Amino acid sequence: MVGPTHLKASQNIDFCTWHVDHAWRKDLQKIQYREMQLEVYKILRTLMEEKDVDTFNVMFNEVIKKILENDMTKEFCKYFLDNYANCMNSWAYCHRLQLGLNTNMHVESMHKALKYIYLKGRNAKWLDKTINALMRFIRDKLVDRLIVTNKGKLTSKLKNHRQRHKTSLSLSTAMITENESGYIVPSSSSHETCLVQENNTNCSCKLICTDCSNTCIHNYSCTCQDASVKWNMCKHIHLVCRHKFSVVQAESSNIDNLSSLRSDFLIDEEDETRTRESDISYNNRAMHKK
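Here the structure is a predicted model, which is why all the values come from computation and not from measurement.

So, the overall build of the protein chain
A tally of helices and strands in the protein chain yields 9 helices and 6 strands. Relative to all contacts within the protein chain whose residues are 6 or more apart in sequence, the contacts with residues 24 or more apart total 58%. By element, 53% of the accessible surface of the protein chain is carried by carbon and sulfur atoms, the whole surface being about 20000 Å².

Considering a nonpolar patch on the surface
A grouping of Leu 127, Ile 131 and Met 135 is seen on the molecular surface, where their side chains present a nonpolar patch of about 330 Å² in accessible area. Here Ile 131 shows up in helix H6 (residues 127-151). We classify Ile 131 as partly exposed; its relative accessible area is 41%.

Quick notes on helix H3 (residues 53-69)
Between its terminal C-alpha atoms H3 stretches 24 Å, which fits the 24 Å expected from 17 residues at 1.5 Å a residue. Residues of H3 that are buried: Phe 56, Phe 60, Val 63, Ile 64 and Ile 67. All buried residues of H3 project into a common sector of 100° when viewed along the axis, lining one side. Turned more than 90 degrees away from the buried face of H3, the exposed residues are Asp 54, Val 58, Asn 61 and Glu 69. Where the residues of H3 are buried, they touch helix H2 (34-49) and helix H4 (74-83).

Section: the packing of aromatic side chains
The final tally for this structure, using the stated rule, is 13 aromatic pairs. When the ring of Trp 24 is compared with that of Phe 80, the centres are 6.0 Å apart and the planes differ by 50°; the resulting orientation is tilted. Of the two residues, Trp 24 sits in helix H1 (residues 17-27) while Phe 80 sits in helix H4, which places them 56 residues apart along the sequence. With respect to class, Trp 24 is no different from Phe 80; both count as buried. Here the aromatic rings of Phe 80 and Tyr 84 are separated by 5.6 Å at their centres, their planes lie at 25°, and the arrangement is stacked.

Observations regarding the state of the cysteines
A covalent bond between the sulfur atoms of two cysteines is what we call a disulfide. Counted by the stated rule, this structure contains 0 disulfides. In this structure Cys 222 is a free cysteine whose sulfur lies 3.6 Å from that of Cys 224, the closest cysteine sulfur available. Taking the relative accessible area as the measure of exposure, Cys 222 reaches 2% and is therefore buried. Sulfur of Cys 241: no disulfide; nearest cysteine sulfur belongs to Cys 212 and is 4.6 Å away.

A word on the environment of Met 48
Within the secondary structure layout, Met 48 lies in helix H2. Under the relative-accessibility criterion, Met 48 is labelled buried at 0%. Spatially, the C-alpha atom of Met 48 lies 9.6 Å from that of Asp 21, the residues being 27 residues apart in sequence. What Met 48 contacts, discounting residues up to four positions off in sequence, is Thr 17, Val 20, Trp 24, Trp 91, Ala 92 and Tyr 93.

A look at the sheet that holds strand S3 (residues 193-198)
Spatial ordering of the open sheet is given by S1-S2-S3-S6, a layout of 4 strands whose pairing is antiparallel. Looking at strand neighbours, the two that pair on one side only are strand S1 (177-178) and strand S6 (220-222), the edges of this open sheet. Strand direction decides the pairing type here: S3 and S6, joined by 3 bridges, are antiparallel. Residue Gln 197 lies in a different strand from S6, and its bridge partner there is Ser 221.

With respect to unusual backbone geometry
Although it is not a glycine, Lys 120 sits at a positive phi angle of roughly 55°. A relative accessible area of 64% places Lys 120 in the exposed class.

Concerning the side chain of Asp 21
Considering the arrangement of structural elements, one finds Asp 21 in helix H1. When its relative accessible area of 12% is taken as the criterion, Asp 21 is described as buried. A distance of 2.5 Å separates the side chain of Asp 21 from the side chain of Tyr 41, its partner in a polar contact. Those residues within four positions of Asp 21 in sequence are excluded, and the remaining contacts are Tyr 41 and Arg 45.

What to know about the pattern of salt bridges
Applying the stated criterion across every chain yields a total of 10 salt bridges. Among the ionic pairs, Lys 66 bridges to Glu 39, the shortest N-O distance being 3.4 Å. On the criterion of sequence distance, the pair formed by Lys 66 in helix H3 and Glu 39 in helix H2 is long-range, its members being 27 residues apart. Lys 66 sits in the partly exposed class, given a relative accessible area of 46%. Taking relative accessible area as the criterion, Glu 39 reaches 36% and is therefore assigned partly exposed. Taken together, the shared-partner salt bridges in this structure form one network comprising Asp 21, Arg 25, Arg 45 and Glu 49.

Criteria and cut-off values
- One numbering rule holds for all chains: residues counted from 1, following each sequence as written.
- Confidence filtering applies because this is a predicted model: local features only for residues at pLDDT of at least 70, side-chain atom pairs given and counted only at 80 or more, and all residues used for totals across whole chains, interfaces and linings.
- Side-chain figures throughout are based on the complete set of non-hydrogen atoms in the structure, without hydrogens or water.
- Only DSSP runs of H or I with at least four residues qualify as helices, and only runs of E with at least two residues qualify as strands; both kinds are numbered from the N terminus onward.
- The contact criterion used throughout is that any non-hydrogen atoms of two residues lie within 4.5 Å.
- Calculation of accessible area relied on Shrake-Rupley with a 1.4 Å probe; when residues are assessed, cover is drawn exclusively from the protein chains displayed.
- Patch building starts from residues that exceed 30% relative accessible area and form no salt bridge, then joins like charges within 9 Å and nonpolar side chains (Val, Leu, Ile, Met, Phe, Trp, Tyr) within 5 Å.
- Salt bridge, as used here: a side-chain nitrogen of Lys or Arg that lies within 4 Å of a carboxyl oxygen of Asp or Glu.
- Each residue is placed in one exposure class: buried if its accessible area under a 1.4 Å probe, protein chains only, is under 20% of its type's maximum, exposed if it is over 50%, and partly exposed if it falls in between.
- Each residue after the first adds 1.5 Å to the expected span of a helix.
- Starting at the helix axis, one direction is taken to each C-beta atom, and the arc is that of these directions.
- Centres within 6.5 Å are what make two rings of Phe, Tyr or Trp a pair, Trp counting through its six-membered ring; a difference in plane orientation under 30 degrees is then read as stacked, over 60 as edge-to-face, and the rest as tilted.
- Note that a disulfide, as used here, is simply two cysteine sulfur atoms within 2.5 Å.
- Here, strands pair whenever DSSP counts at least two bridges between them.
- Nitrogen and oxygen atoms within 3.5 Å of one another constitute a polar contact, given that in protein one can donate a hydrogen and the other can accept it, and given that sequence-neighbouring residues count only through two side-chain atoms.

What follows is the structure, given as structure tokens:
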């Protein structure tokens, strides 16, 4: 993940969402009035978070037309066109769906650790000192890895799994509609609907939800922003897993009830057969006495 620079769209580089948002907030100061700044920022965030490509293209043209016609936003519009119009694939959500991109600053965190902890905030002029710092950094990371392997650690992804599973418990499985494409789940925070689809993947990763029958994060996909952009096992997927588990339980209970009814019916037939045989034997003995 990198920050926005003068890049062409042909360069397949994805911008960090935080950097893009930070740059927009900074350059929105070119607009004089605070109310206009907030309005333009809200429009840009809506544009960035749009997940449909065709809708995004229409919205992009409308946004450019709107802020270009206003004299107060012309300067910002020029900045936006120069820096972001030619590389929409790098910052729009609709071009990074299901990629599993996590735009937090792991690289920046590693760089700060190298600079301020291992190099003590000094500029490394000698290559051997830089290599030595990198080797010490890797050594410490390997030791941390051994500790995590032996003691165990609850990663952020697993925390997200548990949190979203708890959130799904407040939702009812009755709201799910099943069709040929998958499962339609209405959003609880907006008027949109989310499509949850099951992926035929045999995955052995550890990013599973134990409360959802050890369902892996790769087994399902959802069109909501939390799953398609942030690559989390969203509450809609957890809800669908609970729905499928309840259906399986209902089917198994029906099968058990049918088997018990059949066994009772067989027992009744055996009892009736024995009664008939005893009646026949009794009649035969009575006829023999006569």
